[in-house]
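Structural overview
So you can see what is in the structure, the chains are spelled out below.
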Amino acid sequence: MASDSESNMDREIILADFQACTGIDDIAEAITLLELNNWDLVAAINGVIPQENGILQSNLSSVASQANIYGPHSQAAPAAPPAAPAASSSSSSAFCPALPSRHIVERQPRMLNFRVEYRQRTVEVVIEEGSVVGEIKQILETELQVPVTKMQLKGWKSGDVSDSIVLQSLHLPKNNSLYVLTPDITPTASTSQNSVLQESLNQNFLLVISHREAQRDYNLNFPGSRTIQEVKRNVSDLTNIPVRHQQWEGWPASASDSMTLAASGISYPCHHLGVCRRSSPANTQEPTEEVNNTEVNVFVQCADVHMVSDSEGDDFEDASEFGVDESEMFGMGTSTGCRKAPLMPENTENEVDALLHLTAEFTTRYGECHPVFFIGTLEAASQEAFYGKARDRKLLAIYLHNDESVLGNVFCSQMMCADSIVSYLSQNFITWAWDVTKEANKARLLTMCTRHFGSVVAQTIRTYKTDQFPLLLIVMGKRTSNEVLNVIQGNTTVDELMMRLMGAMEIFTAQQQEDIKDEDEREAREMVKREQDEAYQLSLEADRKKREAQEREQAEQLRLQQIQKEADDEKEAIRLSLEHALPPEPAEEGGEPISKLRIRTPSGEFLVRRFLGSTKLQVLFDFVASKGYPWEDFKLLTTFPRRNITQLDPASSLLEAKLFPQETLFLEAKE
């Protein structure tokens with residue numbers, strides 16, 4: 001086990017040196033590059049920055065390999081040149097900054113960002129990694145007007161550090177958060193003291209309380225409006241020490257139990273206190289002070305503070321000797337004190353009404369800053385999350401609350417109401433909530449889960465005990481069925497919760513990208529098909545219009561032909577009628593005068609016929625019409641002198657028209 005620990009420590013040092021040399025801030029990327037080179041620092045650096053750029057010359061490889069590059073990180077002397085390998089081996093560190101300067105290309109120093117909070121102010125500090133901690137304090141002295149000697153810079157992950165420590169040796173990430181404590185400086189009174197106090201009432205104070213007897217620390221967060229008496233009562237629930245038996249260290253001398261934290265004079269944002277049981281053997285049989293009058297609202301700040309777990313059950317003394325039922329601890333069970341209204345009433349018929357009640361009560365308990373719970377049935381929430389367009393789909397987060405669990409208040413106030421968690425859930429999840437405190441509501445939930453997600457999910461929920469609640473189920477919609485990616489229990493931290501949510505998002509994002517690709521391809525195919533269908537429909541429409549036009553043209557032609565035929569038939573009937581009505585042609589040797597007429601048609605043919613001299617012109621016109629030249633359309637003309645016979649009186653005779661004994665006429669169409 002010791003060798004594994006030393007190996008892990010060596011790798012942490014190698015990782016920090018590799019990031020310092022290459023400027024790679026992404027830890028995952030740096031670890032990947034080191035693993036590719038079997039954690040050989042020099043080889044990994046040469047892989048990132050090519051040798052021809054002069055980062056590390058090849059003749060140093062043998063020297064570096066002889067050096068103890070996996071040794072403890074310390075301030076080592078520069079490595080010796082290749083001519084003296086023995087001296088090189090004595091160096092305790094062979095990381096990049098210890099190599100001769102002629103082998104290193106000049107690069108920009110790594111900058112670190114610090115967000116420092118002091119009372120109501122926040123100061124952003126950007127400083128080189130090679131600087132010392134004292135330089136940060138000097139910058140803060142200018143910004144905050146606080147002497148360096150009275151300033152305590154807190155928030156380092158490695159614990160308190162001295163002003164002479166080089167930042168690079170702390171292996172810090174690029175972005176860091178710190179806070180300043182000034183226990184020797186009390187806030188100055190001014191005309192705006194009331195406004196400052198009012199503002200402090202809305203701030204949260206971190207109380208680091210050391211329980212002497214149990215030898216453990218509690219990091220508890222309380223609003224400035226909370227009184228010291230209320231804090232002591234909450235601590236009574238944690239430590240099982242009644243308020244009257246509590247002996248405190250660290251409260252200001254002027255502080256009284258009725259004072260608020262904001263007015264008590266404690267340090268902001270963090271104040272250290274100590275508590276233990278006051279020894280009073282004579283009073284062991286006195287009635288204990290009631291400790292269940294106040295609802296427990298404990299904000300656990302550190303991952304190592306788990307108020308209820310199997311391993312820590314021995315930390316609490318038997319509460320029965322003080323007249324306190326164990327079921328009443330933390331405001332649970334059958335406490336006769338002030339009880340909270342249930343998040344969800346029992347046997348509510350309408351799920352929407354139940355969720356509206358849950359949201360309102362959740363807001364009353366924990367404030368306005370909480371995830372936006374979906375108001376609707378579980379089926380509607382699933383539809384909203386899973387069945388939209390691929391780009392709009394989200395994960396479904398099902399929050400299951402149980403008031404009987406001691407972790408409920410901690411999880412809700414510290415996890416579900418954390419700004420980062422609220423923002424992340426709002427952006428990437430549809431959050432649906434249900435209260436399983438009542439058995440009827442739990443049975444109803446199991447029925448809904450069985451119907452929508454199958455019996456496996458319902459059985460999974462049944463396996464969790466009351467003290468493991470609240471639960472946060474992360475569900476992802478898939479093509480065939482819905483899958484529960486993760487079940488997050490109540491005994492977690494904000495960072496762990498965020499990491500598990502982000503892990504679920506990575507899986508979901510990969511699946512979503514495939515779904516988006518498939519959907520885009522399907523939409524592209526459907527678009528092509530729609531365009532083809534539209535083109536086909538346009539072609540059919542054009543063909544239909546063309547066919548209809550042809551049919552109309554043919555119908556018109558048939559109609560005209562029919563009209564023409566009817567006209568021709570009528571003309572033929574008239575012609576035949578005229579032909580039958582003509583008097584017979586007289587013989588050449590008759591007693592009456594005979595007129596012989598030759599009529600030239602437009603086609604050049606001649607019509608020859610004999611008529612009696614007394615025959616009316618109408619008979620001549622009828623003869624010409626019977627041959628297909630009606631006098632309405634044609635006119636008869638004499639050759640010389642030119643006369644239009646059709647203009648003469650049809651009742652006059654041929655003799656009167658001077659068409660005797662013979663005459664040549666020609667037909668001409670009227671204009």
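Notes on the structure follow. Just so we're clear, the structure is a prediction, and the values are computed from it rather than from any experiment.

Counting its secondary structure elements, the chain contains 16 helices and 16 strands. Counting only residues that meet the buried cut, the chain has 41% of its 671 residues in that class. Counting only contacts in the chain whose residues sit at least 6 apart along the sequence, the fraction spanning at least 24 positions is 65%. Taken as a whole, the chain presents about 36,800 Å² of accessible surface, with 50% of it coming from carbon and sulfur.

The biggest cluster of nonpolar side chains holds 59 residues, and the ones touching the most others in it are Leu396, Trp432 and Leu501. No other element matches the seven residues that helix 15 (residues 494–581) contributes to this core. In this view, Leu501 contacts Ile421, Tyr424, Leu425, Phe429, Leu472, Ile474 and Ile488; residues no more than four positions away in its chain are not counted. Formed by 20 residues, the second largest nonpolar core is a distinct cluster that contains Leu582, Ile599, Leu607 and Ala657.

By the secondary structure assignment, Thr447 is in helix 13 (residues 439–453). By relative accessible area, Thr447 is classed as partly exposed at 46%.

All right, on to the packing of aromatic side chains then. Applying the stated rule across the entire model yields 13 aromatic pairs. Considering the side-chain rings of Tyr629 and Phe634, the 5.1 Å spacing of their centres and the 85° angle between planes classify their relative orientation as edge-to-face. Per residue, the accessibility class of Tyr629 equals that of Phe634, and both read buried. Members of the aromatic cluster, joined through ring pairs, are Phe362, Tyr366, Phe373, Tyr399 and Phe411. Lying over the aromatic face of Phe606, Arg598 brings its terminal NZ or CZ to 4.5 Å of the ring centre.

Another point: helix 10 (residues 378–386). Those residues of helix 10 that sit buried are Leu378, Ala381, Ser382, Ala385 and Phe386. One side of helix 10 carries all its buried residues, which in axial view fall inside an arc of 105°. Check the buried side of helix 10 and you find it contacts helix 9 (351–366), strand 9 (395–401), strand 10 (429–435), helix 13, strand 11 (471–477) and strand 12 (482–488).

Moving on to the packing of helix 15 against helix 16 (residues 617–626). Between helix 15 and helix 16, the least distance of the axes is 8 Å, while the angle of their chain directions is 135°. Here helix 15 lies oblique to helix 16, going by the angle between them. Helix 16 is crossed by helix 15, and the crossing has left-handed handedness. Note on element contacts: helix 16 touches helix 15 through Asp622, Ala625 and Ser626, opposite Arg575, Leu578 and Glu579. Among the residues forming the contact of helix 15 with helix 16, the class breakdown is two nonpolar, one polar and three charged.

Let us look at unusual backbone geometry. In the segment running from Phe469 into Pro470, the intervening peptide bond is cis, with an omega of 0°. The amide bond that connects Phe660 to the next residue, Pro661, takes the cis arrangement and shows omega of 0°. Among the secondary structure elements, Pro661 is positioned in the loop between strand 15 (634–638) and strand 16 (662–669). The phi dihedral of Asn38 is positive, around 55°, even though this residue is not glycine. Secondary-structure assignment places Asn38 in the loop between helix 2 (27–36) and helix 3 (41–48). With phi around 60°, Trp39 is a residue other than glycine that occupies positive phi space. Its place among the elements puts Trp39 in the loop between helix 2 and helix 3.

Strand order in this open sheet of four strands is 10-9-11-12, and the pairing throughout is mixed. Two strands close off the open sheet at either side, each with one partner strand: strand 10 and strand 12. Each strand of the sheet is rotated relative to its neighbour by a mean of 25°, with strand direction disregarded. Two strands pair when backbone bridges link them, and strand 9 and strand 11 are joined in this way by five bridges, in the antiparallel orientation. Following the sheet pairing, Tyr399 is matched in strand 11 by Leu472.

So, about the sheet that holds strand 13 (residues 594–600). Reading across from one edge, 14-13-16-15 is the order of the four strands in this open sheet, with mixed pairing throughout. One side of each edge strand has no neighbouring strand; the edge strands of this open sheet are strand 14 (606–612) and strand 15. Strand-to-strand, the axes of this sheet are offset by a mean angle of 30°, without reference to chain direction. Across seven bridges, the pairing between strand 13 and strand 14 is antiparallel. When the bridges of strand 14 are listed, Ile599 appears paired with Leu607. Sheet strands in contact with helix 16 are strand 13, strand 14, strand 15 and strand 16, and its direction is about 150° off that of strand 14.

Before going further, it helps to spend a moment on the state of the cysteines. Following the criterion strictly, the structure yields zero disulfides and no others. Distance from the sulfur of Cys412, which forms no disulfide, to the nearest cysteine sulfur (Cys417) is 6.7 Å. Judged by its relative accessible area of 0%, Cys412 falls in the buried class. Of the cysteine sulfurs around Cys417, a residue in no disulfide, the closest is that of Cys369, at 6.3 Å. The buried category is assigned to Cys417, whose relative accessible area is 11%.

Between helix 10 and helix 13, the least distance of the axes is 10 Å, while the angle of their chain directions is 40°. In this structure, helix 10 meets helix 13 at a crossing whose hand is right-handed. Contacts between helix 10 and helix 13 involve Leu378, Glu379, Ser382 and Phe386 from the former and Met448, Cys449, His452 and Phe453 from the latter. Here the residues of the contact of helix 10 with helix 13 sort into five nonpolar, two polar and one charged.

As a further point, take the pattern of salt bridges. Pairing between side chains of opposite charge can happen when their charged atoms approach one another. This structure, assessed with the given rule, holds 27 salt bridges. A salt bridge links Asp533 to Lys529, with the shortest nitrogen-to-oxygen separation between them at 3.1 Å. Placement of both Asp533 and Lys529 in helix 15 is noted, with a separation of four residues, approximately one turn of the helix. Sharing partners across several salt bridges, the network here consists of Arg115, Glu117 and Glu124.

What counts, and where the lines are drawn
- Residues numbered from 1 in each chain as written.
- Predicted model: local features only at pLDDT ≥ 70, side-chain atom pairs only at ≥ 80, totals over all residues.
- Heavy atoms only, no water.
- Helix = DSSP H or I, 4+ residues; strand = E, 2+ residues; numbered from the N terminus.
- Buried < 20%, exposed > 50% of the residue type's maximum accessible area, 1.4 Å probe, protein only.
- Contact = heavy atoms within 4.5 Å.
- Areas by Shrake-Rupley, 256 points an atom, 1.4 Å probe, with all protein chains shown as cover.
- Core = buried A, V, L, I, M, F, W, Y, C linked by side-chain atoms within 4.5 Å.
- Phe/Tyr/Trp six-rings, centres within 6.5 Å; stacked < 30°, edge-to-face > 60°.
- Lys NZ or Arg CZ within 6 Å of the ring centre and 35° of its normal.
- Arc of directions from axis to C-beta.
- Axes fitted to C-alpha atoms, helices over the stretch in contact; angles between N-to-C directions.
- Parallel < 35°, antiparallel > 145°, perpendicular 65-115°, else oblique.
- Left-handed = near helix turned anticlockwise from the far one by under 90°.
- Nonpolar A, V, L, I, M, F, W, Y, C, P; charged D, E, K, R; others polar.
- Pairing = 2+ DSSP bridges.
- Disulfide = S-S within 2.5 Å.
- Salt bridge = Lys/Arg side-chain N within 4 Å of Asp/Glu carboxyl O.

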